[in-house]
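# Descriptive analysis of the structure
Each chain, letter by letter, is given below.
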Amino acid sequence: MRTALAVVVVLLACGAAPAAAQADSAGSDTTTKRYRNRLLILPFVSYSPQTKLMFGAAGGYQFKAPGTAGDTITRPSYLVASGAYTTKSQWTSFVALSWFTPGSRWWLYGEGAVGYFPVFYYGIGPRTEAGDTNLMQNRFIRLKAKAERRIYHDLYAGLYYRLVSLFDLDWQFPARIGTALPGGAGGVSSGVGMALHLDSRNSIATPTRGRFLAIEALRNLRFLGSDFDYSHLIIDARGYLPVRRGRDVVALNLYGQFNGPEVPVQVMSLLSDYTTAFIMRGIYAGRFRDRHSLVAQADYRGHLKGRFGYVVFGAAGNVFGSPGNRLGDEMKFTYGAGLRFNVNPADPLNIRVDYTLSSFGESGLSLGATEAF
């Protein structure tokens, strides 16, 4: 779940981000400062329309591979775990390991999550009605594993595996769910493929310059234990342009998710996001879902005074791909503004409060740590 991922980012920002940025720009001097491993434990709270208030705690250990504390080429690794509970009786637990080998030649990543996260189902496509709710309750297990080799500077590529298991599924109105709906009774998606990522941002939590690109492509196959046979592709591209002598930043993001026809309803492409809402923030996740989604969004992140800042943002996108639904059908727009407070001036980490309005009559408040993207 992205709550846990947000906590990972917070932990990195508090400890490992400076060393990571230093590694990105390292030159001939590889012994300027020895890296110190550290253990962090912290509580967190967030808010979104999907979860209402969410409370949790996380712990993380940041470290470098043995024998690499004195070089800036090897990026910091981390091991984290978290748990969260919402005022809507949703819960999740999460663990992840990100390990860079000496010289940052390989990046090995694995994560696992379990939880109970009831959500409203409105139907499929861009024309679903707000009143057509059908509560979908299920438990889930999610596993991811990546092994990526550095190709050139900040560019990595390698193998990717993902498993999503949805079980104990219960619909509020089961008669409305057709027997032909993939995932209508739960099931397992198990797939393997390739992943690529490039990250030259100067900060993981609060970037002001650099770029980020992640591409994940896999095929869910029955011989891997999958109940469904479909392809899955995610493209996430971000850029950051400093303005006003670096005090403000224009942040741009293009995000697309594309799935084959047999994709289960629970893992279809969504607008918005369950917790930290990095896609069309502040909108209930699952309000619109379909095989594919494509969203373009932009932030202007400005400095007010001292530790305080502001943001003005907008996004345009849609879900599409099922029969009769195209990208341009009833395009969705969101826009809004928010405030920022920097809790760590030495290595900026913003607490954010954003309020969102939309072209389809919904609005929402989102609260969290780190920027939306």
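Just so it is clear, the model here is predicted, and its values are computed rather than measured.

### Thoughts on the confidence of the model for the protein
For the protein, the mean per-residue pLDDT works out to 85, and 89% of the residues sit at or above 70. Scored below 50 in pLDDT, residues 1–5 makes 21 contacts in the model with residues more than four places away or belonging to other chains. Ignoring residues within four places in sequence, the model shows residues 11–31, a span with pLDDT below 50, making 48 contacts including any to other chains.

### Some remarks on a nonpolar patch on the surface
Taken together, the side chains of Leu 39, Ile 41, Tyr 61, Leu 79, Val 95, Leu 97 and Trp 99 make up a nonpolar region of the molecular surface, amounting to roughly 670 Å² of accessible area. Elements represented by at least two residues in the nonpolar patch include exactly strand 1 (38–48) and strand 4 (91–100). Considering every element that reaches the nonpolar patch, the biggest residue donor is strand 4, with three residues. Within the secondary structure, Leu 79 sits in strand 3 (residues 77–86).

### Observations regarding the packing of aromatic side chains
Taken as a whole and judged by the stated rule, the model has eleven aromatic pairs. Considering the side-chain rings of Tyr 61 and Phe 63, the 5.6 Å spacing of their centres and the 15 degrees angle between planes classify their relative orientation as stacked. Of the residues examined, Phe 63 reaches a relative accessible area of 16% and is grouped as buried. On the numbers, 5.3 Å between centres and 70 degrees between planes, the contact of Tyr 121 with Trp 171 is edge-to-face. Of the two residues, Tyr 121 is situated in strand 6 (residues 119–121) and Trp 171 in strand 8 (residues 155–171); the sequence distance between them amounts to 50 residues. Each member of the pair, Tyr 121 together with Trp 171, is buried. Ring pairs connect the aromatic residues Phe 100, Trp 107, Tyr 109 and Tyr 156, which therefore count as one cluster. Between the NZ or CZ atom of Lys 146 and the centre of the ring of Tyr 160, over which it lies, the distance is 5.3 Å. Over the ring of Phe 288 we find Arg 287, and its NZ or CZ is 4.4 Å from the ring centre.

### Quick look at the nonpolar core
Among the nonpolar cores identified, the biggest contains 31 residues, and Phe 94, Tyr 109, Tyr 121 and Val 267 are the most heavily contacted of them. Of all the secondary structure elements, the ones that give two or more residues to this core are strand 2 (52–63), strand 3, strand 4, strand 5 (106–116), strand 6, strand 7 (134–152) and strand 8. Leave out the neighbours within four places in its chain, and Tyr 121 touches Asp 132, Thr 133, Asn 134, Trp 171, Ile 177, Leu 181, Val 265 and Arg 289.

### Focus on the side chain of Arg 75
Counting through the fold element by element, Arg 75 comes out in the loop between strand 2 and strand 3. In this structure the side chain of Arg 75 is engaged in a polar contact, spanning 2.8 Å, whose partner is the side chain of Asp 154.

### Focus on the pattern of salt bridges
Counted by the stated rule, this structure contains 19 salt bridges. Where Arg 301 meets Glu 371, a salt bridge forms, and the shortest distance between an N and an O atom there is 3.6 Å. Residue Arg 301 is found in strand 15 (residues 292–305), and its partner Glu 371 is found in the segment after strand 19 (363–369); the two are separated by 70 residues along the sequence. One exposure class covers both Arg 301 and Glu 371, and it is buried. Across the pair Asp 329 and Arg 326 runs a salt bridge whose closest N-O atoms are separated by 3.7 Å. Note on Asp 329: relative accessible area 10%, which makes it buried. Taken together, the shared-partner salt bridges in this structure form one network comprising Arg 281, Asp 299, Arg 301, Arg 340, Arg 352, Asp 354 and Glu 371.

How each quantity is defined
Residues numbered from 1 in each chain as written. Predicted model: local features only at pLDDT ≥ 70, side-chain atom pairs only at ≥ 80, totals over all residues. Heavy atoms only, no water. pLDDT = per-residue confidence, 0-100. Contact = heavy atoms within 4.5 Å. Patch = residues over 30% accessible without salt bridge, like charges linked within 9 Å, V, L, I, M, F, W, Y side chains within 5 Å. Areas by Shrake-Rupley, 256 points an atom, 1.4 Å probe, with all protein chains shown as cover. Salt bridge = Lys/Arg side-chain N within 4 Å of Asp/Glu carboxyl O. Helix = DSSP H or I, 4+ residues; strand = E, 2+ residues; numbered from the N terminus. Phe/Tyr/Trp six-rings, centres within 6.5 Å; stacked < 30°, edge-to-face > 60°. Buried < 20%, exposed > 50% of the residue type's maximum accessible area, 1.4 Å probe, protein only. Lys NZ or Arg CZ within 6 Å of the ring centre and 35° of its normal. Core = buried A, V, L, I, M, F, W, Y, C linked by side-chain atoms within 4.5 Å. Polar contact = N/O pair within 3.5 Å; in protein donor to acceptor, adjacent residues only side chain to side chain.

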